[in-house]
Amino acid sequence: MSARLGGVSPLSERDTPGLLQVLAEVPDPRDARGRIYALPGLLAMAIAAVLSGSSRVVEIVEWAADLPDAVWDRLGAARDALTGARRVPDDGTLGRVLAGIDADALDAAVCRWLLGRAGVTGRGRRVIAVDGKTLRGSGPAGSQAHLLAALDQAEQIVLAQIDVNGKTNEISRFQPLLDGLDLAGAVITADALHTQREHARWLVEDKHAGYVFVVKRNQPRLYRQVKALPWGKIPALDATRERGHGRYDIRELQAVTCLGPLALDFPHAAQALRIRRRRHNPATGRWSTVTVYAITSLTAAAAGPADLADWLRGHWAIEVLHHIRDTTYREDASRLRTGNAPRALATLRNTAISLLRLNGATSIAATLRRNSRDPYRSLQILGLT
């Protein structure tokens, strides 16, 4: 394992393919006759800048302009034929590259690299959260970019991302999103939108994975069946109590095996779950109660109550990812709308947040501020120094 430098673990090409090597697999959208800057170097530069808190194309190139010559040489810097001085790309150059890039290839390359960096392949059961996000500044209502992503709950890294265009929806993109991942033995968590019979069959029968799906009224028959189970006779098998943010929360999970008269009309449903969250607000002195139902293909022997409770709560990791992109990186405030640029920037943000999580960052905003004070910190994370 690489030695730690300045509190981060720089990547080593002995541990995983280097970033520039992986980015070289992304097709270059530019005409070969007009290329001045190498594509892998441009993309690596952009990721490093986003690791330092840059959130706009112009911020990325301004940050990169201050990099020393030695770093630019590592990135394949272009130099003036007469003077030998380096040529730094402007925001128009980077913007055109991001707009024309093959976004699927970029996502596939960096997600594969992140997975290798994390070293989670073959590490036992993985729990993967699936959720979508609209890039609200990417166009007028009805034509905004919408992305569906899969995130490893434990490592909090993005494993895959796919576009959901205006002619389809998240449901039809669920299988293409996960199809390229080895899901054998993994567990997929998803919200009620993806509680679909086809998804359940595909995960269990084709991908040899399990699922934990939330059940709501979009599946009315299933919802009625789950809600009608004899919950009053089923004890709480897992309970947690937490104080924070001026609130006091009590969460209780009940689980019942769905066999015989309790069987559910849903493919491979082995257990039904009820999660009740009671919250006390000291400011008002009132309690509120929220009840959530879910189903899983895993038997009680394969997944205990504590596991199920952790996975359901862990699904929020992907919501946190989207929240960070919105608040810290101001993603929804961006008005970049050209070509694939909005999605490509979302990929750069996913990559930066995933890398910071792998390096132990608990506060992304604070870590970005720290990195912004010394560009070598971001470059060390990427192994580019």
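Here the structure is a predicted model, which means the values were calculated and not measured. (Residues numbered from 1 in each chain as written. Predicted model: local features only at pLDDT ≥ 70, side-chain atom pairs only at ≥ 80, totals over all residues. Heavy atoms only, no water.)

### Details of the overall build of the protein
- For the protein, the helix and strand inventory stands at 14 helices and 11 strands.
- Computed over the C-alpha atoms, the radius of gyration of the protein is 23 Å, within 12% of the 21 Å expected from 2.2 N^0.38 for a compact globule of 385 residues.
- Viewed in the frame of its principal axes, the protein has a C-alpha envelope of about 85 × 45 × 45 Å.
- In the protein, which comprises 385 residues, the proportion classed as buried is 52%. (Helix = DSSP H or I, 4+ residues; strand = E, 2+ residues; numbered from the N terminus. Rg over C-alpha atoms; globule rule 2.2 N^0.38 Å. Buried < 20%, exposed > 50% of the residue type's maximum accessible area, 1.4 Å probe, protein only.)

### Quick notes on the nonpolar core
- Core analysis: the largest hydrophobic core is formed by 103 residues, its most contacted members being Leu 75, Leu 178, Leu 183, Leu 203, Ile 295 and Leu 382.
- Here this core takes 11 residues from helix H2 (residues 39-51), the largest share from any one element.
- When residues no more than four places from it in sequence are discounted, the contact partners of Leu 183 are Ile 128, Leu 178, Ile 188, Leu 203, Lys 207, His 208 and Ala 209. (Core = buried A, V, L, I, M, F, W, Y, C linked by side-chain atoms within 4.5 Å. Contact = heavy atoms within 4.5 Å.)

### Section: the UniProt feature "domain: H repeat-associated protein N-terminal" (unreviewed entry) in the protein
- With numbering matched to this structure, UniProt assigns "domain: H repeat-associated protein N-terminal" (unreviewed entry) to residues 21-114.
- Within residues 21-114, the helical portion is 56% and the strand portion 4%, while the C-alpha atoms at the span's ends are 13 Å from each other. (UniProt positions renumbered as here; feature names shortened; annotations may be inferred.)

### A word on the pattern of salt bridges
- Considering all chains together, one arrives at 20 salt bridges under this definition.
- A salt bridge links Asp 69 to Arg 86; the nearest nitrogen and oxygen atoms lie 3.0 Å apart. Of this pair, Asp 69 sits in helix H4 (residues 69-74) while Arg 86 sits in strand E2 (residues 86-87), placing them 17 residues apart in sequence.
- Asp 69 sits in the partly exposed class, given a relative accessible area of 41%.
- A salt bridge links Glu 242 to Arg 251; the shortest N-O distance between them is 3.6 Å. (Salt bridge = Lys/Arg side-chain N within 4 Å of Asp/Glu carboxyl O.)

### Side note on the packing of helix H7 (residues 170-178) against helix H8 (residues 197-206)
- Close contact between H7 and H8 brings their axes to 10 Å; oriented N to C, the two are set at 15 degrees. In terms of orientation, H7 and H8 fall into the roughly parallel class. At the point where H7 passes H8, the crossing takes the right-handed sense. Contacts between H7 and H8 pair Ile 171, Phe 174, Gln 175 and Leu 178 from the former with Glu 198, His 199, Trp 202 and Leu 203 from the latter.
- For the contact of H7 with H8, a count of residues per class yields 5 nonpolar, 2 polar and 1 charged. (Axes fitted to C-alpha atoms, helices over the stretch in contact; angles between N-to-C directions. Parallel < 35°, antiparallel > 145°, perpendicular 65-115°, else oblique. Left-handed = near helix turned anticlockwise from the far one by under 90°. Nonpolar A, V, L, I, M, F, W, Y, C, P; charged D, E, K, R; others polar.)

### Let's talk about the packing of aromatic side chains
- Scanning the entire structure with this criterion turns up 6 aromatic pairs.
- Taking the centre distance of 5.9 Å and the plane angle of 85 degrees together, the rings of Tyr 223 and Tyr 293 count as edge-to-face. Here Tyr 223 is found in helix H9 (residues 220-227), whereas its partner Tyr 293 is found in strand E11 (residues 286-296), with 70 residues between them in sequence. Note on accessibility: Tyr 223 and Tyr 293 belong to one class, buried.
- The interplanar angle of 70 degrees and the centroid separation of 6.1 Å between the aromatic rings of Tyr 248 and Trp 287 together place this pair among those described as edge-to-face. In this pair, Tyr 248 sits in strand E9 (residues 247-257) while Trp 287 sits in strand E11, placing the two residues 39 residues apart along the sequence.
- Within the aromatic cluster, the residues linked to one another by ring pairs are Tyr 211, Phe 213 and Phe 266.
- Of note, Arg 278 hangs over the ring of Trp 287, and the distance from its end group to the ring centre comes to 4.4 Å. (Phe/Tyr/Trp six-rings, centres within 6.5 Å; stacked < 30°, edge-to-face > 60°. Lys NZ or Arg CZ within 6 Å of the ring centre and 35° of its normal.)

### Describing helix H11 (residues 316-327)
- If you check H11, its first and last C-alpha atoms are 16 Å apart, about what 12 residues at 1.5 Å a residue would give, namely 16 Å.
- For H11, the full list of buried residues reads Ala 317, Ile 318, Leu 321, His 322, Ile 324 and Arg 325. Projected down its long axis, H11 carries its buried residues within an arc of 155 degrees, all on one side.
- If you follow the buried residues of H11, they end up packed against strand E3 (127-135), strand E4 (145-152), strand E5 (157-163), helix H10 (305-314), helix H12 (341-358) and helix H13 (364-372). (Expected span 1.5 Å × (residues − 1). Arc of directions from axis to C-beta.)

### As for the packing of H11 against H12
- Look at H11 against H12: their axes get within 11 Å of each other, and the N-to-C directions meet at 115 degrees. Here H11 and H12 pass one another in a crossing that is right-handed. Contacts between H11 and H12 pair Val 320, Leu 321, Ile 324 and Arg 325 from the former with Ala 346, Arg 349, Asn 350, Ile 353 and Arg 357 from the latter.
- Of the residues belonging to the contact of H11 with H12, the class tally is 5 nonpolar, 1 polar and 3 charged.

### Digging into unusual backbone geometry
- Backbone geometry places His 208, a non-glycine residue, at a positive phi of 55 degrees.
- The topology assignment puts His 208 in the loop between H8 and strand E7 (210-215).
- You can call His 208 exposed: its relative accessible area is 54%.
- Despite not being glycine, Arg 330 has its phi angle at roughly 55 degrees, a positive value.
- Residue Arg 330 is classed as partly exposed on the basis of its relative accessible area of 37%.

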